[in-house]
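# Examination of the molecular architecture
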Amino acid sequence: MTDIYDTLDFGYDVPEDIPVKPLPKPATAAPPSAAVDANLLPPVGKQTTPSCFVWSTVYGLTTFQAAKTYNLDPTSADNQASPIYTYIKVEEDYYGLKNACQGGQMAKPLLFLNKNRGTASMTDAPSVDGCSAAWAAWGTATTTPNPNFDFDNWTGVTVNGDDGIANIQNLISQNMPIAFGCWLYTGFPQYTGNPVPYVGSGVWMKNPRNGGKVGHCMLIIGYDTTMGPNGAILVQNSFGTSWGSSWNGSDGYVWIDCATFLAMAQGGGYYYP
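To keep things clear, this report deals only with the structure shown in the data block.

Calculation criteria
- Residues numbered from 1 in each chain as written.
- Predicted model: local features only at pLDDT ≥ 70, side-chain atom pairs only at ≥ 80, totals over all residues.
- Heavy atoms only, no water.
- Buried < 20%, exposed > 50% of the residue type's maximum accessible area, 1.4 Å probe, protein only.
- Helix = DSSP H or I, 4+ residues; strand = E, 2+ residues; numbered from the N terminus.
- Arc of directions from axis to C-beta.
- Contact = heavy atoms within 4.5 Å.
- Axes fitted to C-alpha atoms, helices over the stretch in contact; angles between N-to-C directions.
- Parallel < 35°, antiparallel > 145°, perpendicular 65-115°, else oblique.
- Nonpolar A, V, L, I, M, F, W, Y, C, P; charged D, E, K, R; others polar.
- 1 Å grid on protein atoms, 1.4 Å probe; cavity = no way out; pocket = protein on both sides within 12 Å on 5 of 7 lines; lining within 4 Å.
- Points joined across faces, edges and corners; volume = space filled by probe spheres on them.
- Core = buried A, V, L, I, M, F, W, Y, C linked by side-chain atoms within 4.5 Å.

Attention now moves to helix H5 (residues 131-138). Those residues of H5 not exposed but buried are Ala134, Trp135 and Trp138. Down the axis of H5, the buried side of the element spans an arc of 95°, and every buried residue falls inside it. Turned more than 90 degrees away from the buried face of H5 sit Ser132 and Ala136, all of them exposed. Buried positions along H5 lie against helix H3 (83-93).

Structural data, given as structure tokens:
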């Protein structure tokens, strides 16, 4: 039976135009390295549907913001915004789907949080394995939204080009992670932490359905200007803990060489100020 790791359908194959705003120039220069508060991040999860755009924005970014705003423990399922429930509702509400799974835009789950005044927690809507199980669980059912996940102040920011790395350093040093979209090089799904930082094959992975580049969304959580020849960006992924490099006592992360990151990044990302 094939899954998203066979079909390379991770969930960011719908074009998205992120309206970005220039960041105010910080009063002081960003430090050489920084990471967001690890105590506010949920544990690394593993997506089994084309839902990276929800994992990065809802499970990652919004869970972090709820922990930061309300002093919550993000390792508790009660305090984690459910990616699978939100994904199915976005598929229904914004893409008109039923019993089918496709990718989407990062803005859509963020808009859903505002419209729905929050979303389910992982306690109320835990992860299930695959598209059929997700629709069976939530295709006709709803839950009472957890208002801790109701935020409407998300903002777009440029993460590539001339300002990209400076913007990342600006936000991360202020304890603000960034959900972003990128293209993937061949071998990325099989990356197990060597080399560090990740530099990639330089060959774009191709979608077997349409021949286009494979897209993906993740969460930027740190940077280190002294790592490798170009500096590196620290990213939390949604490929589980058997993937990637170790950080803060767990696998599932990747340090991406800054030159590689700028090549991979699609343009913009979202953060909560």
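Back to the write-up after that little detour.
On to the packing of H3 against helix H4 (residues 107-116), then. At a minimum axis separation of 10 Å, H3 and H4 run at an interaxial angle of 95°. In terms of orientation, H3 and H4 fall into the roughly perpendicular class. Facing Tyr85, Thr86, Lys89, Val90 and Asp93 of H3, the residues of H4 in contact are Lys108, Pro109, Phe112 and Lys115. Broken down by class, the residue content of the contact of H3 with H4 amounts to 4 nonpolar, 1 polar and 4 charged.

As a further point, take the layout of surface pockets. A volume near 400 Å³ is recorded for the largest pocket. Forming the walls of the largest pocket are 16 residues, and the residues nearest its centre are Thr2, Asp3, Ile4, Thr48 and Cys131. Mapped onto the lining of the largest pocket, the elements with two or more residues apiece are helix H1 (4-7) and H5. Among the elements that make up the lining of the largest pocket, the one with the highest residue count is H1 (3 residues). Grouping the amino acids of the lining of the largest pocket by side-chain chemistry returns 6 nonpolar, 6 polar and 4 charged. Of the volumes computed, that of the second largest pocket is approximately 220 Å³. Considering the residues around the second largest pocket, the lining is formed by 15 residues, among which Tyr12, Pro15, Glu16, Trp183 and Gln266 are closest to the centre. At 3 residues, strand E8 (residues 265-271) tops the list of elements feeding residues into the lining of the second largest pocket. Class assignment of the residues belonging to the lining of the second largest pocket gives a composition of 6 nonpolar, 6 polar and 3 charged.

With that settled, the discussion passes to the nonpolar core. Note on soluble globular proteins: their nonpolar side chains tend to be buried together. Ranked by size, the top nonpolar core spans 85 residues in total, and within it Val159, Ile168, Phe188, Ile220, Ile233 and Phe261 carry the most contacts. Among the elements that make up this core, the one with the highest residue count is helix H2 (residues 52-70) (8 residues). Look past the residues within four positions of Ile220 in its chain and what remains in contact with it is Val159, Ile168, Ile172, Pro177, Ile178, Phe180, Ile233, Leu234, Val235 and Phe261.

This part is about unusual backbone geometry. The omega angle of the peptide bond from Asn194 to Pro195 is 5°, so this bond is cis rather than trans. Looking at where Pro195 falls in the secondary structure, it is placed in the loop between strand E3 (178-183) and strand E4 (215-224). Across the junction of Val196 and Pro197, the peptide omega takes the value 0°, indicating a cis bond. On the secondary structure map, Pro197 appears in the loop between E3 and E4. Of note in the backbone geometry, Asn175 takes a positive phi value of approximately 70° without being a glycine. Relative to the helices and strands, Asn175 is located in the loop between helix H6 (161-172) and E3. Within the chain, Asn248 stands out as a residue other than glycine whose phi angle is a positive 55°. As for its position among the elements, Asn248 is in the loop between strand E6 (245-247) and strand E7 (250-257). Under the relative-accessibility criterion, Asn248 is labelled exposed at 55%.

These results come straight from atomic positions and should not be treated as a statement about function.
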